Amino acid sequence: MSGEGRVVALQVCPGRRLPMRPVDPAVFVRDRGLDGDAHARPGSRRQVLLIDLETLEALGLAPGAVKENVTVRGLPLGELGPGTRLALGSEVVVWVTGPCSPCGRMDEIRPGLQQDLRGRRGVLAWVERGGAVRVGDPVRVLSRPPAD
């Protein structure tokens, strides 16, 4: 598996049930999430949602459609286990906390999308080190958890 991809889109959720808003740069705040995102919460394991563009394209969806914050090309995020550390750009470090399970709201986007996204909705992460990330920045695997 490749250890590097590129950021192709960044978005924040301005409020409950509102469409995602593209941002560039996105400002990540340590142990909170993205500045301006309604879901940013200290201590949450769901501070950031990342998905790979290849999954979205396979489903005929545009970046931001499944409410992700970071869309990445070239790094199969679904293969990253909890505890994987990722560098986004030159400043930000996040820890993958686990896969994101698609909720029933996905069927509001398109009937059947919740089922189509099972095991493919990307990964959730916690912000270890904040900073700015821009579209085009690299996304690199820094470390993986030890094998059992």
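Our subject is the structure that appears above.
Counting starts from 1 at the beginning of each chain's written sequence and moves along it residue by residue. Local features are withheld for residues below a pLDDT of 70 in this predicted model, meaning they are given only at 70 or higher, and side-chain atom pairs are given and counted only at 80 or more; totals for whole chains, interfaces and linings count all residues. Values reported for side chains reflect all heavy atoms of the structure, with hydrogen atoms and water molecules removed beforehand.

(A) Region of interest: the pattern of salt bridges. Here, a salt bridge means any Lys or Arg side-chain nitrogen found within 4 Å of an Asp or Glu carboxyl oxygen. Scanning the model with the defined rule gives three salt bridges in all. Here arginine 134 makes a salt bridge to aspartate 24, at a shortest N to O gap of 3.5 Å. Of this pair, arginine 134 sits in the loop between β10 (131-133) and β11 (138-143) while aspartate 24 is found in the loop between β2 (21-22) and β3 (26-29), placing the two residues 110 residues apart along the sequence. Going along the chain from the N terminus, every DSSP run of H or I of four or more residues is numbered as a helix, and every run of E of two or more is numbered as a strand.

(B) Quick look at the nonpolar core. What we call a nonpolar core is a set of buried Ala, Val, Leu, Ile, Met, Phe, Trp, Tyr and Cys residues that are connected through their side-chain atoms within 4.5 Å. Under the scheme applied here, a residue whose accessible area is under 20% of the maximum for its type counts as buried, over 50% as exposed, and between as partly exposed, the area being computed with a 1.4 Å probe on protein chains only. Within the largest apolar cluster, 25 residues are counted, with the highest numbers of intra-cluster contacts made by Phe28, Val48, Leu50, Val70, Leu77, Leu86 and Leu88. Of all elements in the fold, only β1 (4-12), β3, β5 (48-52), β6 (70-73), β7 (85-88), β8 (92-99), β9 (123-129) and β11 reach the threshold of two or more residues within this core. Contacts are residue-level and defined by heavy atoms, with any inter-residue pair within 4.5 Å sufficient. Apart from residues lying up to four places away in sequence, phenylalanine 28 is in contact with Gly33, Leu34, Val48, Val70, Leu88, Val92, Val127, Gly130, Gly131 and Val133.

(C) Region of the structure containing the pairing of β8. Pairs of strands are assigned from DSSP output, requiring at least two bridges between the strands. Here four bridges tie β7 to β8, and the two strands are oriented antiparallel to one another. Note on β8: the bridge partner recorded for leucine 88 is valine 92. Between β7 and β8, which pair antiparallel and follow one another directly, the connecting turn spans three residues, one of which, glycine 89, has a positive phi of 65 degrees. In this sheet, β9 lies alongside β8 in antiparallel orientation, the contact comprising six bridges. In the strand pairing of β9, valine 96 is matched with alanine 125.

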